[in-house]
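# Understanding the architecture of this molecule
For reference, the chains in residue letters:
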Amino acid sequence: LQGVDRALSSVGGTIAATMKVCTGIQQGTADMTWAAHIAGGTHHAFYDYGEGFCVFSDIAVAANVALQRFPDIVKRILILDLDVHQGNGNAKLFAGSDEVITFSMHCSENYFSPK
């Protein structure tokens, strides 16, 4: 149960950070235009299964929330992934998307799934 709580709160925290920035920009009250959530970064989750301890992709969920709720200010999103492992889940989730681009810089020997 603790793992489920962690996975759900990770997604919720990343969405909260996203909403804070987007709402501030939209209302003209943002004192900063970025946010971070240190419990997030679950980039190995796919639509129908997870890998590498990642059940949900908090980044993918937050990106989709931003695109749907703030279409007037969020047109495109760059997911910059600087982890030792490839962000294979996010790459697959957004493959072919014109709205979300993923860039993963990782070690050449650290692929979770075949390329």
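Description of the structure in this document. (Residues numbered from 1 in each chain as written. Predicted model: local features only at pLDDT ≥ 70, side-chain atom pairs only at ≥ 80, totals over all residues. Heavy atoms only, no water.)

Turning next to the overall build of the chain. Each helix and strand counted, the chain has three helices and two strands in total. N-terminal to C-terminal, the α/β element order of the chain is α-α-β-α-β. For 115 residues, the compact-globule estimate of 2.2 N^0.38 gives 13 Å, and the C-alpha radius of gyration of the chain, at 14 Å, lies within 12% of that figure. Reported as C-alpha extents along the three principal axes, the dimensions of the chain are approximately 45 × 35 × 25 Å. Out of the 115 residues in the chain, the part that is buried amounts to 33%. Counting only contacts in the chain whose residues sit at least 6 apart along the sequence, the fraction spanning at least 24 positions is 59%. Per element, the accessible surface of the chain, about 7,400 Å² overall, is 59% carbon and sulfur. Looking at the chain, you have 7 positive and 11 negative side-chain charges, and the mean spots of the two groups are 5 Å apart. (Helix = DSSP H or I, 4+ residues; strand = E, 2+ residues; numbered from the N terminus. Rg over C-alpha atoms; globule rule 2.2 N^0.38 Å. Buried < 20%, exposed > 50% of the residue type's maximum accessible area, 1.4 Å probe, protein only. Contact = heavy atoms within 4.5 Å. Areas by Shrake-Rupley, 256 points an atom, 1.4 Å probe, with all protein chains shown as cover. Lys, Arg positive; Asp, Glu negative; His and termini not counted. Charge placed at Lys NZ, Arg CZ, Asp CG, Glu CD.)

We now examine helix α2 (residues 58–69). In this model, α2 (twelve residues) spans 16 Å end to end at C-alpha, consistent with the 16 Å of a helix rising 1.5 Å per residue. Every buried residue of α2 is accounted for by Asp58, Ala60, Ala62, Ala63, Val65, Ala66 and Leu67. (Expected span 1.5 Å × (residues − 1).)

Core analysis: the biggest nonpolar cluster contains twelve residues, these being Cys22, Ala60, Ala63, Ala66, Leu67, Phe70, Val74, Ile77, Ile79, Leu93, Phe94 and Val100. For this core, the secondary structure elements donating two or more residues are α2 and β1 (77–81). Per-element accounting of this core gives the leading share, four residues, to α2. Once residues within four sequence positions are removed from consideration, Ala60 is found in contact with Asn90, Leu93 and Phe94. (Core = buried A, V, L, I, M, F, W, Y, C linked by side-chain atoms within 4.5 Å.)

This part takes up a nonpolar patch on the surface. Together, Leu78, Leu80, Leu82, Ile101, Phe103 and Met105 make up an exposed nonpolar region whose accessible area comes to about 610 Å². Broken down by secondary-structure element, the contributors of at least two residues to the nonpolar patch are β1 and β2 (100–104). Relative to the helices and strands, Ile101 resides in strand β2. (Patch = residues over 30% accessible without salt bridge, like charges linked within 9 Å, V, L, I, M, F, W, Y side chains within 5 Å. Salt bridge = Lys/Arg side-chain N within 4 Å of Asp/Glu carboxyl O.)

Looking now at the pairing of β1. Going residue by residue along β1, you find Ile77, Ile79 and Asp81 tucked away on one face and Leu78 and Leu80 left uncovered on the opposite face. The pairing of β1 with β2 spans five bridges and is classified as parallel. Among the inter-strand pairings, Leu80 is bridged to a residue of β2, identified as Phe103. After leaving β1, the chain enters helix α3 (residues 88–93) and then returns to the sheet as β2, a path that is right-handed. (Pairing = 2+ DSSP bridges. Right-handed = clockwise from strand over helix to strand, strands pointing away.)

This is a description of form; function is not addressed.
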